[in-house]
Number of protein chains: 2
Amino acid sequence: MKNLLEIYARKRRDISAIEKELEESVNNDHSLLRETSIHLLKAGGKRIRPVFVLLSGEFGNYELQTMKHVAVPLELIHMASLVHDDVIDDANTRRGQLTVRSKWDNRIAMFTGDYIFARALGVITQIPDPRVHQIMSKAIVEMSIGEMEQIRFFFHSEQSIRDYLLRIRRKTALLIAISCQLGAMASGAPDWLSTKLYNFGYNVGMAFQIRDDILDLTGTEKQIGKPPGSDVKQGNITLPIILCLQDPAIKPMILTELDRIHKLDGQTDVSRFLEMIRGSAGIKEADRLSQVYIDKAISSLDKLPNNQAKKDLIEIAHFIGNRSY
Amino acid sequence: MKNLLEIYARKRRDISAIEKELEESVNNDHSLLRETSIHLLKAGGKRIRPVFVLLSGEFGNYELQTMKHVAVPLELIHMASLVHDDVIDDANTRRGQLTVRSKWDNRIAMFTGDYIFARALGVITQIPDPRVHQIMSKAIVEMSIGEMEQIRFFFHSEQSIRDYLLRIRRKTALLIAISCQLGAMASGAPDWLSTKLYNFGYNVGMAFQIRDDILDLTGTEKQIGKPPGSDVKQGNITLPIILCLQDPAIKPMILTELDRIHKLDGQTDVSRFLEMIRGSAGIKEADRLSQVYIDKAISSLDKLPNNQAKKDLIEIAHFIGNRSY
């Protein structure tokens, strides 16, 4: 299987152009905001949203300038939500880098998020199509509801798989879905096509987050850029854990451990908990569900023309379904 | 002098319509977000931004439906910035009510702000004129830079009057300025007129914030809905204090007090500090500057038609220049 860099190679020049635009878009005369924003940008990320915009744009009349105006705000919105997420997660590292809240403080992280978000809006105003604005603003509302839902479900061991899926839909899948949809729409592709791409992105997004949640439980710090078990320390009960809680044989042990971690406010070693989960069927079952989403994503592309963009999207989907970082 | 309610009386029905729209715009199925948002709305406020939108709209072709789409997002943006502000200020009360961060917690306040802001964007997408979007997004960027500037200047006793004015320009005056400008623009008033109204709003906004900062030092808790001296406790050095620091006779005393408050992280009685400031010329001088802005605001309206809206704007300006709450 190709890695992301190989899949991205064909679009390297356009991805660099977007990277440059991202930097320019957060530039300003205020030294602290410039520092925090650039710190965030340089911490990297997979740039999945911009890449999906670019590839989806190839199903219409591809123009880099137009693609930029869609890709840049989507990535900025994603970044802004990450900084705010790090505040509630008390996260110290992300992608192996210090988070803004840890290098500076929570208040500075909050305002950095506000600023990056404001910049995203500035870029969006350059898009003439009002449908794009409506779709983006709806997704942003859902994301912000998802942020709050997250808090409500912290250490909530009675939640259902449905609760979890609804949460990651808002938190992750919607923004990836509209990245594909809007890339196609802005390039003038027909509606049926941008809807198919929306479905592709939605399903890839669901698989992406499930995979992320599995990795938090099974990965090494080197692989995932943060200590494993970070999710459960802050009370985030993810799919593999919910699945384990459905197994009466291990449910009591898991509950006891969750209770202990909760009482210690996450300030404790979670290696025993991780061992229990790793040895269970929950991980395998979650992985299977992630593969179901990947398969659904790929079949969403069935009726699409067999161009290079479609091949690339399929490769990225496979990568996401199997990634270990 | 009339009070605000008397001045607002003529527009009471339209203000109620906006109030209803504000409530509907933050409504949702998520109980916690609904609670925090409605708590914020019910805590009230002077609704100066919506009222300025409505009055400015009377210089063009006034249509309530259009006015709503401008007034509601401006008030929501203002509210969102207040919740985030309360987080950095560690504020417990505002307008005599518990703040979201105090009734719930900082994380919930952060996400409530994000949510209300997202809702504002949703309403904005209903406005067809792209100039409105551009003007709003620029103001939002400036506001977010202003939020961060605020932190940088906490307990910074060497700041100039210019630093202060630039800060309140971003923090307060710009949003009030564009409330007037966009009300006129959305009603189809000619550009020269919306520019004049921008100037009116800008100057009123500067006076408004100076007056606010004076009241924090001179008002009673009953008048201002929060304990007096709240600004200095969190390190916010406002105009009267900067002016006092320019007087060599009292500068050393003020510095010593500021230093003490800083060291105790604001967890101290500030009545001695307030006495020192109240007895100085700084308050009077700040008040004089606020009056200069009010005068400038009113002369911005010189060339405008002498309709009832103009009379109301002038009355509001006078009210703001003299208000004690």
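Definitions and cut-offs
Residues numbered from 1 in each chain as written. Chains lettered and ligands numbered in written order. Predicted model: local features only at pLDDT ≥ 70, side-chain atom pairs only at ≥ 80, totals over all residues. Heavy atoms only, no water. UniProt positions renumbered as here; feature names shortened; annotations may be inferred. Helix = DSSP H or I, 4+ residues; strand = E, 2+ residues; numbered from the N terminus. Rg over C-alpha atoms; globule rule 2.2 N^0.38 Å. Buried < 20%, exposed > 50% of the residue type's maximum accessible area, 1.4 Å probe, protein only. Areas by Shrake-Rupley, 256 points an atom, 1.4 Å probe, with all protein chains shown as cover. Contact = heavy atoms within 4.5 Å. Axes fitted to C-alpha atoms, helices over the stretch in contact; angles between N-to-C directions. Parallel < 35°, antiparallel > 145°, perpendicular 65-115°, else oblique. Left-handed = near helix turned anticlockwise from the far one by under 90°. Nonpolar A, V, L, I, M, F, W, Y, C, P; charged D, E, K, R; others polar. Least-squares fit on C-alpha atoms with pLDDT ≥ 70 in both.

Chain A carries the name Heptaprenyl diphosphate synthase in an unreviewed UniProt entry, which gives Paenibacillus oryzisoli as its organism. Entered under Cofactor (unreviewed entry) in the UniProt record, the comment concerning chain A runs "Mg(2+)".

1. Digging into the overall build of chain A
From N to C terminus, chain A includes 17 helices and two strands. Computed over its C-alpha atoms, the radius of gyration of chain A comes to 20 Å, within 12% of the 20 Å expected for a compact globule of 325 residues. Over its C-alpha atoms, taken along the principal directions, chain A stretches across nearly 55 × 50 × 35 Å. Counting every position in chain A, which comprises 325 residues, the buried fraction comes to 60%. Of the accessible surface of chain A, which amounts to about 13100 Å², a share of 50% is contributed by carbon and sulfur atoms.

2. What about helix H4 (residues 48–57) of chain A?
Residue and element names in this part refer to chain A. Most of H4 is tucked away, with 10 of its 10 residues classed as buried. Where H4 is concerned, the buried positions are Ile-48, Arg-49, Pro-50, Val-51, Phe-52, Val-53, Leu-54, Leu-55, Ser-56 and Gly-57. Considering only its buried residues, H4 is in contact with helix H1 (4–8), helix H2 (12–26), helix H5 (64–89), helix H9 (161–186), helix H10 (191–218) and helix H17 (308–322).

3. Quick notes on the packing of helix H9 (residues 161–186) of chain B against helix H10 (residues 191–218) of chain B
Residues and elements named next belong to chain B. At their nearest, the axes of H9 and H10 sit 7 Å apart, and the two run at 140° to each other. Viewed along their axes, H9 and H10 adopt a mutual orientation that is oblique. For H9 against H10, the interelement crossing comes out right-handed. Residues belonging to the contact of H9 with H10 are distributed by class as follows: 18 nonpolar, six polar and three charged.

4. Quick notes on the relation of the copies chain A and chain B
Of the transformation superimposing chain A on chain B, the axial component is 0.0 Å and the angular component is 180°, with the fit at an RMSD of 0.0 Å. The operation mapping one copy onto its partner corresponds to a two-fold rotation axis. For chain A, the smallest separation between a C-alpha atom and the rotation axis is recorded for A:Met110, amounting to 3.7 Å. Interface overlap between copies: 100% of the residues of chain A at the interface are likewise at the interface in chain B, consistent with a symmetric, same-surface contact.

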